[in-house]
Protein chains: 2
Amino acid sequence: MTLSRRRLLGAGAAAVGMGALGAACGAPAATPVPDGVVPFRGEHQAGIVTPAQDRLHFVSLDVVTADRAEVADLLRRWTAAAERMTAGAETTPGGATGGNPNSPPDDTGEALGLPPAALTLTFGVGASLFAKLGLDPSLVPPALAALPPFRGDQLDPALSGGDLCVQACSDDPQVAVHAVRNLVRMGFGVTAVRWSQLGFGRTSSTSTSQATPRNLFGFKDGTHNVKAEDPDDLREQVWVAPGDGPAWLDGGTYLVARRIRMHVEIWDRTSLAEQETIIGRTKGVGAPLGGTAEFDLADYAAVDGTGEPRIAQNAHIRLASAQALGGVKILRRGYNFVDGSDGQGHLDAGLFFVAFMRDPQAQFVPMQRALADADVLMEYIEHTGSAVFACPAGLGGGGYWGQSLLEA
Amino acid sequence: MTLSRRRLLGAGAAAVGMGALGAACGAPAATPVPDGVVPFRGEHQAGIVTPAQDRLHFVSLDVVTADRAEVADLLRRWTAAAERMTAGAETTPGGATGGNPNSPPDDTGEALGLPPAALTLTFGVGASLFAKLGLDPSLVPPALAALPPFRGDQLDPALSGGDLCVQACSDDPQVAVHAVRNLVRMGFGVTAVRWSQLGFGRTSSTSTSQATPRNLFGFKDGTHNVKAEDPDDLREQVWVAPGDGPAWLDGGTYLVARRIRMHVEIWDRTSLAEQETIIGRTKGVGAPLGGTAEFDLADYAAVDGTGEPRIAQNAHIRLASAQALGGVKILRRGYNFVDGSDGQGHLDAGLFFVAFMRDPQAQFVPMQRALADADVLMEYIEHTGSAVFACPAGLGGGGYWGQSLLEA
């Protein structure tokens, strides 16, 4: 991937065109083309089933105006900028418009010369937006209701919620940070940063083409994640269908974010056997206990020589399994983070959990309740932030982020 | 770079052997060999003139014991672990020793299967260590004296100082984080994390083989940095020579770290022409004003049609130039960071400045004083953390981190 963002202008534009064409034919959101450009427009937003990129910059924003037209204007400009940035098309130090040297550049420049690096930008709206903009209450999807409190929650309001979100994923963190920073800059006077989170390494695969990465407990994470290659799972578990709720979200999905502090120091003093019992998998290859390879199906009925279940009743993988949850799955797309230290001699490290699903109330809530109530892993982690956003369908048919809602 | 850490065990060990051999022959610290292993042992520590890797995890630690033998024991164990990790040699989920399943693993595992990714670990000691361990005051290098206050400093004690530091650099952030986390884990009871900093993108080149990257102001940074290929600069500006101070630091260097918050929102509202005037270079190719290419020498005497200097008297590059500072240079090795948001609607982003030099009092202090007093850039930045560490010579001749000091 050695093409510069500048030289990719032509190729990027062509790829975007192909993406739109694919969407018009009803094809799923496209995967990266060889030059590292993920098409911005498609049936669904990019950055959901796109093979999870290596790095994340996530931002939650508060809208600081009640003027719907101002917000719509910003969303139009954001959409144009997002389309330009994901195509890798910075053209001059003055920005896309060439640049009057006596004006502030319309691009901040730190990604000049960098490749597109599979940048995706995924947009969502929080439940708090509706009242703020005086939108009709019938437009609030019931599935966007606030999450209930879970046992052990230690949520910091300053790291939770938000009226809007943008998830920037890229294989180059500077490209992801550049994109968020430029959207934040454009939002001045209309939006303000509520919280933001950098993720340095992916913890999930969203495609069978990817190896399963490891989280900061050292275990492979997301072996049985929903994958882009399973159309049934995507239809049943991820995409909002007509009739699920208000029509503006048809073809969209919900994003649940949880900032999970991991007390790695305590985990690191736990024996290997105990770690594997808590998770229900081996640490090395990631096989379910009793199996030998990562993708072996877990045998939850198997018992050991003493009649005890081979995979404990409260093992993490059992509690979170589709079997235990009546077929419920989610598409996880989280990232490891380290946010400096905690002032008490420890790293402030963990998992920024991001997952996409068709209905948080029917999917995330029962899963998280089962884990919060019984998972021994809860002794080693702490949920410190939480947010839910509704992410509209893709813009394959034209238009701008949020148009289906603001013009509903 | 597709070899796993496990499969690299043999190759890594061989590379380390070659590094030690190189050092014995008086060769400079080696650059990465093709399999992504940077030799741990050499005449100088790795991670200084090593071509700057893409990602950083830096940790400053307080020693929480006064027992010198305990500290020496930890430093011995740290050295063995550092040598193992930089060679990419995690072998089992139990760690290097294979692992008793009923004991905590001796490696935390999240880098299992990852390539060595050019990991380097660079060790330093702060001035506060000497009194804490009751070391002879004659061992304190005069050049390790506290930095004077600079105009505009907004230093947070919680982000400053420290008894020990480890700089982990790698092309894979998970590899860098894994290394720091494991050293922190091993230090339990002897050291505690004082502060740590993740850097997502390098802002300097330390080799002529590298392109100059951009900082978060969008400008190329470090065009005339000291480079590994200039033995005169390294000898005069970077490595501590016999007679400079106490002998335990001969062949070492000093590390100056400054956490620099950048008020990118204000910068982004400044015109392109003003930005270029403040820096003294063009934003696009990074040419000095009046020049056309990045590596053109700045002509500080040139005037424009009205007789004004083409490069302003207070331009950043003029104030920081070797010409203005009587020949003083430093080897910069900094990283861009984003640490979430500031609670006031803005990103908490900036530059984690790291530089290596032979004498901070004679090099960093006059440079920073000149910038703090006259650089217009100071209106856009804020120094929020500061530390100085003495980094001993490499371990090409054997031994452990800090041995030359503790056994002096």
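Residues numbered from 1 in each chain as written. Chains lettered and ligands numbered in written order. Predicted model: local features only at pLDDT ≥ 70, side-chain atom pairs only at ≥ 80, totals over all residues. Heavy atoms only, no water.

K.L.:
Tell me what's going on with the packing of aromatic side chains, and back it up with residues and numbers.
P.N.:
For the structure shown, the criterion picks out 26 aromatic pairs over all chains. Centre to centre, the rings of Trp78(A) and Trp401(A) are 6.4 Å apart; their planes meet at 80°, and the pair counts as edge-to-face. On the criterion of sequence distance, the pair formed by Trp78(A) in helix 2 (residues 68-86) and Trp401(A) in the loop between strand 10 (381-391) and helix 10 (403-406) is long-range, its members being 323 residues apart. Assessed through its relative accessible area of 0%, Trp78(A) is described here as buried. Residues Phe150(A) and Phe364(A) carry aromatic rings whose centres are separated by 5.9 Å and whose planes lie at 85° to one another, so their mutual orientation is edge-to-face. Separated by 214 residues along the polypeptide, Phe150(A) in the loop between helix 3 (128-132) and strand 3 (164-170) and Phe364(A) in helix 9 (residues 364-374) bring together distant segments of the chain. Judged by relative accessible area, which is 6%, Phe150(A) ranks as buried. Under the relative-accessibility criterion, Phe364(A) is labelled buried at 3%. Among the aromatic side chains, those forming a connected cluster through ring pairs are Phe40(A), Trp78(A), Phe123(A) and Trp401(A). The ring of Phe188(B) has Arg269(A) sitting right over it, with the charged end atom 4.2 Å from the ring centre. (Phe/Tyr/Trp six-rings, centres within 6.5 Å; stacked < 30°, edge-to-face > 60°. Helix = DSSP H or I, 4+ residues; strand = E, 2+ residues; numbered from the N terminus. Buried < 20%, exposed > 50% of the residue type's maximum accessible area, 1.4 Å probe, protein only. Lys NZ or Arg CZ within 6 Å of the ring centre and 35° of its normal.)

K.L.:
Explain the relation of the copies chain B and chain A to me, using residue names and the numbers behind them.
P.N.:
Of the two same-sequence chains, chain B is brought onto chain A (RMSD 0.0 Å, axial shift 0.0 Å) by a rotation of 180°. Those values place the two copies in the arrangement expected of a two-fold rotation axis. Closest approach to the rotation axis among the C-alpha atoms of chain B is made by Asp339(B), whose C-alpha sits 3.2 Å away. (Least-squares fit on C-alpha atoms with pLDDT ≥ 70 in both.)

K.L.:
Hey, could you go over the confidence of the model for chain A for me, with residue numbers and the actual values?
P.N.:
Residues and elements named next belong to chain A. Of the residues in chain A, 90% reach a pLDDT of 70 or more, and the chain-wide mean stands at 90. Overall, residues 1-30 carries pLDDT values under 50, and its contacts beyond four positions in sequence, including any with other chains, amount to 55 contacts. Here the complex is predicted with pTM 0.91, and the ipTM for its interfaces comes to 0.89. (pLDDT = per-residue confidence, 0-100. Contact = heavy atoms within 4.5 Å.)

K.L.:
Give me the lowdown on the pairing of strand 6 (residues 253-262) of chain B, citing residues and values where you can.
P.N.:
Residue and element names in this part refer to chain B. Of all ten residues in strand 6, ten are buried; the element is thus mostly enclosed. Burial of strand 6 is two-sided: the residues Thr253, Leu255, Ala257, Arg259 and Arg261 facing one way and the residues Tyr254, Val256, Arg258, Ile260 and Met262 facing the other way are all buried. Two strands pair when backbone bridges link them, and strand 6 and strand 10 (residues 381-391) are joined in this way by ten bridges, in the antiparallel orientation. Paired with arginine 261 across the two strands is glutamate 382, which belongs to strand 10. Sheet topology places strand 6 next to strand 9 (residues 347-357); eight bridges connect them, and they run antiparallel. Looking at the pairing, leucine 255 lines up with phenylalanine 356 of strand 9. (Pairing = 2+ DSSP bridges.)

K.L.:
Tell me what's going on with the nonpolar core, and back it up with residues and numbers.
P.N.:
If you look at the biggest cluster of nonpolar residues, it comprises 180 residues, and the most contacted ones within it are Trp78(A), Leu121(A), Trp401(A), Trp78(B), Leu121(B) and Trp401(B). Excluding its chain neighbours within four sequence positions, the residues that come into contact with Leu121(A) are Phe40(A), Gln45(A), Ala46(A), Ala82(A), Met85(A), Thr86(A), Val166(A), Gln167(A), Ala168(A), Ala179(A), Leu183(A) and Trp401(A). (Core = buried A, V, L, I, M, F, W, Y, C linked by side-chain atoms within 4.5 Å.)

K.L.:
Which residues make up the pattern of salt bridges, and what values go with them?
P.N.:
Residue and element names in this part refer to chain A. This model, assessed by the stated rule, comprises 39 salt bridges over all chains. Aspartate 348 is the salt-bridge partner of arginine 259, the closest N and O atoms lying 3.2 Å from each other. Taken together, the positions of arginine 259 in strand 6 (residues 253-262) and aspartate 348 in strand 9 (residues 347-357) put the pair 89 residues apart, joining distant regions of the chain. Judged by relative accessible area, arginine 259 falls into the buried class, the value being 7%. Residue aspartate 348 is classed as buried on the basis of its relative accessible area, which comes to 14%. (Salt bridge = Lys/Arg side-chain N within 4 Å of Asp/Glu carboxyl O.)

K.L.:
Give a detailed account of the interface of chain B and chain A, specifying residues and quantitative values.
P.N.:
Interfaces are often sized by the amount of accessible area the parts lose when they come together. Residue-level contacts link 51 residues of chain B with 50 residues of chain A. At the boundary of chain B with chain A, total buried surface from both sides reaches about 4,400 Å², with 63% on carbon and sulfur atoms. The three residues of chain B that bury the most area against chain A are Arg181(B), Asp268(B) and Leu347(B), which together make up 13% of that side's buried surface. For the pair chain B and chain A, the number of links is two salt bridges. We note a salt bridge from Asp268(B) to Arg181(A), for which the minimum N-O separation is 2.8 Å. Applying the counting rule to chain B against chain A returns 24 residue pairs in polar contact (both at pLDDT 80 or more). Sorting the residues of the side of chain B that touches chain A by element identifies strand 1 (55-63), helix 4 (173-186), strand 4 (191-199), helix 6 (264-267), helix 7 (272-279) and strand 8 (335-341) of chain B as the ones contributing at least two each. For the side of chain B that touches chain A, the leading source of residues is strand 4 of chain B, giving six residues. (Buried area = accessible area lost by both parts, 1.4 Å probe. Polar contact = N/O pair within 3.5 Å; in protein donor to acceptor, adjacent residues only side chain to side chain.)

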